[in-house]
Structures are given as structure tokens and as C-alpha cells.
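Fold and geometry: a report
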Amino acid sequence: MNTQKKLGIWMDHSTANLIDLASKKNSYAIASKFTFDTKEDALNRSESLMHNKRQQMQGDYYKDIAAVILKYNKVLLFGPTHAKTELHNYLNTDLHFKDINVKVESADKMTNNEKVAFVENYFNK
């Protein structure tokens, strides 16, 4: 029996909430290390440094999420910002993800229960 492993990821540029409906530990989060304090510190040195630091830390954030995505067959990226599209574009540049069905949906800010319901509704349609 070939079961599809499905993952929903609600994300913005600071946090990704990963929702695996088949897992006992239903949901957990990955946080970006590019915090307000990091931004302020880098910006005090130079704007160029701040942008480089942000790009590097966003890349690390997407790599952390991508490592989890490799364990799944179907993935739903959703959330209120462009982070989901940026991650999708990042995944499309890597052949490791070519056999993983990744979809992107827009969604507003949600409670944890609303996120789980959104993922359930998406994969049950």
C-alpha cells in the first residue's frame, strides 16, 4: 500500500508552522533567525550588510524547511506573505524536489486550529 505523506506549511518570513495530519505530534514550527534585533544590528553597520544578512538568513530558513519537505509526497504552502512563493521558487531550482507535489495557496493570519482545518480541507477535496 502506497500512502501519500502530506504536509501543510503555513508560513510568513519569520515562522513556518508545519502541519502533518498523520503525525501524533501534529504541528511544530521552524523560525527564521533573521529577527528584529539582527536587522537593527546589521542596519546600524550598513544597509547593504543588512540586506546581505537578510538574504543569507532567509536562505538558511528555506533550507531548514526544505529538509523537512523531502520526507513528503504532497505539500501545501499557505500564508499571508510572499514567503510561500519564495520557498516554492527555491524548491523549483533543486531537482531533489521534482517528484514532490508542492502547491501554493493564499491565506490570512489564522489560529492553530484554523491552520489544521485549512490543511484538512485542502487534502480532503
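Bear in mind that the values here come from a model prediction, so they are computed numbers and not experimental data.

**Examining the overall build of the chain**
In terms of regular secondary structure, the chain is built from four helices and five strands. Going from N to C terminus, the chain has its helices and strands arranged as β-β-β-α-α-β-α-β-α. On the principal axes, the C-alpha backbone points of the chain span a range of 55 × 35 × 25 Å. For the chain, the residues scored as buried account for 37% of the 125 residues in total. Counted over contacts in the chain with a minimum sequence separation of 6, partners at least 24 positions apart contribute 65%.

**Some words on the confidence of the model for the chain**
Per-chain confidence: the chain averages 88 in pLDDT, with 91% of residues scoring 70 or above. No element of the chain has a lower mean pLDDT than helix H1 (residues 36-45), which averages 70, and none a higher one than strand S4 (residues 74-79), which averages 97.

**Looking at the nonpolar core**
Leu7, Ile9, Met11, Ile65, Ile69, Val75 and Leu87 are the most contacted members of the largest nonpolar core, which has 21 residues in total. Looking at this core, the element that brings in the most residues is helix H2 (residues 47-69), giving six residues. Residues in contact with Met11, not counting those within four places in the same chain, are Ala16, Tyr61, Tyr62, Ile65, Phe78, Gly79, Pro80, Thr81, Ala83, Lys84 and Leu87. One finds Ala107, Val116, Val119 and Tyr122 within the second-largest nonpolar core, a separate group that totals nine residues.

**Focus: the sheet that holds strand S1 (residues 6-11)**
Ordered by their spatial adjacency, five strands build an open sheet running S3-S2-S1-S4-S5, and the pairing between neighbours is mixed. Looking at which strands have only one partner, the edges of the open sheet turn out to be strand S3 (27-31) and strand S5 (101-106). Averaged over all pairs of adjacent strands, the angle between their axes in this sheet comes to 20°, without regard to strand direction. As defined by bridge partners, S4 adjoins S5 across six bridges and the pair is classed as parallel. By the bridge assignment for S5, Gly79 is matched with Ser106. Together, S1, S4 and S5 form the strand contacts of helix H3 (residues 83-92), whose direction differs from that of S5 by roughly 160°. Across the sheet, helix H4 (residues 112-124) lies against S1, strand S2 (15-19), S4 and S5, angled at about 135° from S4, the strand it touches most.

What counts and what doesn't
Residues numbered from 1 in each chain as written. Predicted model: local features only at pLDDT ≥ 70, side-chain atom pairs only at ≥ 80, totals over all residues. Heavy atoms only, no water. Helix = DSSP H or I, 4+ residues; strand = E, 2+ residues; numbered from the N terminus. Buried < 20%, exposed > 50% of the residue type's maximum accessible area, 1.4 Å probe, protein only. Contact = heavy atoms within 4.5 Å. pLDDT = per-residue confidence, 0-100. Core = buried A, V, L, I, M, F, W, Y, C linked by side-chain atoms within 4.5 Å. Pairing = 2+ DSSP bridges. Axes fitted to C-alpha atoms, helices over the stretch in contact; angles between N-to-C directions.

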